[in-house]
Amino acid sequence: MSGQDGYDFEKLTREMVAAKAAKSPATAAEIAVRTIISGVPSTRERQDPRLTVVGVCRGAMSGMLLLEGDLVATAVELLRAMGQLSLTAHLDPADLMTWAMEGVASVVGMGAPILKSQVRDAIESNFMGAGEVFDGLCEKGGAGRGA
């Protein structure tokens, strides 16, 4: 468990991605979606869905980092998946995107400054206006870490 009473979806997702993603950003995003689909409803009473989504996305990025996979492409795939996931998870798509970017920012912030810039540019080119949101989350240190 993470936080005080939370569920450790970060560790679970990181381990699944590291074991199964084989450096594939699409597979990492698919694992994240499946984890969110099962995790949010089952923990909604005890854990804010934001914490689940942030943890899952942070775990997916961390798993890809362990595999030395493409973090830029993984960030984009995770955000693409959030748009589709909003209908299934019955969550606001803007919230899901922001929460996913929180998880991404917390991992990217540990890397070289060029990585943050590359991820930001890829996010902005795929999701107009989202690069600025990502910058704000990076300035906060990838808000949500351990929250």
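Notes on the structure in this doc start here. A quick note: this is a predicted structure, and the numbers were derived from the prediction, not measured.

## What about unusual backbone geometry?
With the exception of glycine, most residues fall at negative phi, and the peptide bonds are largely trans.
Here is step 1 of the chain: Look at K23: it is not a glycine, yet its phi comes out positive at around 65°.
Here is step 2 of the chain: Relative to the helices and strands, K23 is located in the loop between α1 (9-20) and α2 (25-43).
Here is step 3 of the chain: With a phi close to 60°, E68 is a non-glycine residue in the positive phi region.
Here is step 4 of the chain: For E68, a relative accessible area of 66% gives the class exposed.

## Thoughts on the pattern of salt bridges
Here is step 1 of the chain: Within this structure, the stated rule accounts for seven salt bridges.
Here is step 2 of the chain: Between R14 and E10 there is a salt bridge, with its nearest N and O atoms 3.6 Å apart. Of this pair, R14 and E10 both sit in helix α1, four residues apart, roughly one helical turn.
Here is step 3 of the chain: Residue classification places R14 among the partly exposed positions, given a relative accessible area of 23%.
Here is step 4 of the chain: Judged by relative accessible area, E10 falls into the buried class, the value being 13%.
Here is step 5 of the chain: If you follow the salt bridges from partner to partner, you end up with E10, R14 and R58 in one network.

Calculation rules
Sequence order as written defines the numbering, with residues in each chain counted from 1. Per-residue local features are limited, in this predicted model, to residues with pLDDT of at least 70; the limit for side-chain atom pairs, both in listing and counting, is 80 or more; totals at the level of whole chains, interfaces and linings are taken over all residues. Excluding hydrogens and water, the side-chain values take into account all heavy atoms of the structure. The numbering of helices and of strands both runs from the N terminus, where a helix is a DSSP run of H or I of at least 4 residues and a strand a run of E of at least 2. Exposure is judged per residue with a 1.4 Å probe applied to protein chains only, and the accessible area is read against the type maximum: over 50% gives exposed, under 20% gives buried, and values in between give partly exposed. Take a side-chain nitrogen of Lys or Arg and a carboxyl oxygen of Asp or Glu: if they are within 4 Å of each other, that pair is a salt bridge.

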